[in-house]
Amino acid sequence: LHYFDAPTAVPGGYAILSHTWRGKEQTFEMLQRIKRTCDETEDNPRDHVSLKIRKCCEEAQSKGYSWVWIDSCCIDKTSSTEVSEAINSMFIWYIHAEVCYVHLEDVPYGEDVRAEGSAFHRARWHRRGWTLQELLAPALVVFMSNDWHQLGTKQELADLLYNITGIFPAYLTGDVSIFEASIATRMSWASARQTTRPEDAAYCLLGLFDINMPILYGEGRRAFQRLQQEIVKQSFNTTLFVWGRLHTEEYHSLMPTSPKDLWTYVSSDHSRFLFSSSPHDFQLGKNIIVYYTPALKRSSVSSVRQPNSELQPRSRPRVSP
């Protein structure tokens, strides 16, 4: 392990790993112990790490990279300060990576990934909260099978990933910046994903909204409230408030028919609140687009049944930490 002040300080660039955690992953402390032992025995530390870490290192080295970043073993989780810094800067580490290897431990090599019901469709990776930024941030994402055979890149599988995740192909190929998507649309990308801890439902979205905020494990769902408050401070995009059943045809069919029923109707539904309680409330957000009227210098919001497949290509922005 070697410390660098910033992603841009890594000579020659670096590869990065995206994966789902199962059981006990090898940690920063474990790798430190392995290194100390190997210093005495003169063994190669790589021979003593987990198969996933070793294969990732070998894959990166075979492509000419000297460095690789892996969250499970490169973050000292005994330090709350380092954990907070890592979470707030993780999007930047992924966006500056030369390549991101996605290891799908539940996807075998050899099957047709595009076949209906394939293991690729069912992969746990698509349903985890933290992997969303790992899909969107890097320019080059390479999907690997459980035995580390290449399945395809994000660009090659963009249409398939759209069917699985609901993220328009233009955002996956980099033709359109993800930051041009409305707030509701970006929230919708996380609406079907789960995190082990409730706070992570907010923390895993920080980079997606260019937000930095204190990390306070133990605050529960209040973390998502704080995220929305920070978004309001930085954005005039009012689609943040387009969530829940309020904007569905089913909801409008339940509208009270007489004034005396109005209070019961309003007070019994969570949509009376300004902020949502969870990303799951934004399931319809992928159909919300924002368009601008230059003459009026104002933005308007539309709900559309189908995505705009003719989005104009734009160059991918370079983001600095």
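The structure this text deals with has already been given above.
Residues numbered from 1 in each chain as written. Predicted model: local features only at pLDDT ≥ 70, side-chain atom pairs only at ≥ 80, totals over all residues. Heavy atoms only, no water.

Caption draft 1: Structural detail: the nonpolar core. Ranked by internal contacts, the top residues of the largest apolar core, which has 66 residues, are Leu-104, Phe-120, Phe-143, Met-187, Trp-189, Leu-205 and Leu-227. Among the elements that line this core, the one with the most residues is helix α4 (residues 80-95), at eight residues. The contacts of Trp-189, once residues within four sequence positions are left out, are Leu-132, Leu-136, Gly-166, Ile-167, Tyr-171, Ile-178, Ala-181 and Leu-208. In this structure, Leu-17, Leu-31, Tyr-65 and Tyr-101 belong to the second largest nonpolar core, which totals 18 residues. (Core = buried A, V, L, I, M, F, W, Y, C linked by side-chain atoms within 4.5 Å. Buried < 20%, exposed > 50% of the residue type's maximum accessible area, 1.4 Å probe, protein only. Helix = DSSP H or I, 4+ residues; strand = E, 2+ residues; numbered from the N terminus. Contact = heavy atoms within 4.5 Å.)

Caption draft 2: Broad picture of the sheet that holds strand β1 (residues 15-18). Taken together, the five strands give an open sheet; going across it, the order is β2-β1-β3-β4-β5, and neighbouring strands pair in mixed fashion. Each having just a single partner strand, β2 (68-69) and β5 (150-153) make up the two edges of the open sheet. Bridge count between β1 and strand β3 (residues 99-103): four bridges; the pairing is parallel. Within β3, the position partnered with Leu-17 by the bridge is Tyr-101. Contacting β1, β2 and β3, α4 runs over the sheet at an angle of about 120 degrees to β1. (Pairing = 2+ DSSP bridges. Axes fitted to C-alpha atoms, helices over the stretch in contact; angles between N-to-C directions.)

Caption draft 3: Spotlight on the pairing of β1. Covered by surrounding structure in β1 are Ala-15 and Leu-17 together with Ile-16 and Ser-18, the residues of both alternating faces. Judged from the two bridges that link them, β1 and β2 form a sheet pairing that is parallel. Counted as the bridge partner of Ala-15 is Val-68 from β2.

Caption draft 4: Representation of the pairing of β5 in the model. Sheet analysis places strand β4 (residues 141-144) next to β5, joined by three bridges and oriented antiparallel. Across the sheet, Phe-143 pairs through a bridge with Gly-152, a residue of β5. Connecting β4 to the antiparallel partner β5 that follows it, the hairpin turn spans five residues, and Trp-148 within it adopts a positive phi of roughly 70 degrees.

Caption draft 5: Region of the structure containing the environment of Glu-25. Residue placement: Glu-25 occurs in the loop between β1 and α1 (28-41). A relative accessible area of 13% places Glu-25 in the buried class. For the pair formed by Glu-25 and Lys-52, sequence separation is 27 residues and the distance between their alpha carbons is 9.6 Å. Reaching out from Glu-25, the side chain makes a polar contact with the backbone nitrogen of Arg-22 at a distance of 3.2 Å. (Polar contact = N/O pair within 3.5 Å; in protein donor to acceptor, adjacent residues only side chain to side chain.)

Caption draft 6: Region of interest: helix α11 (residues 222-234). Its 13 residues give α11 an end-to-end C-alpha distance of 19 Å, which sits within 8% of 18 Å, the value for a rise of 1.5 Å per residue. Looking at α11, one finds that the buried residues are Ala-223, Phe-224, Arg-226, Leu-227, Gln-228, Glu-230 and Ile-231. Structurally, α11 contributes buried residues whose contacts are with α9 (183-189) and α10 (200-203). (Expected span 1.5 Å × (residues − 1).)

Keep in mind these values describe shape, not function.
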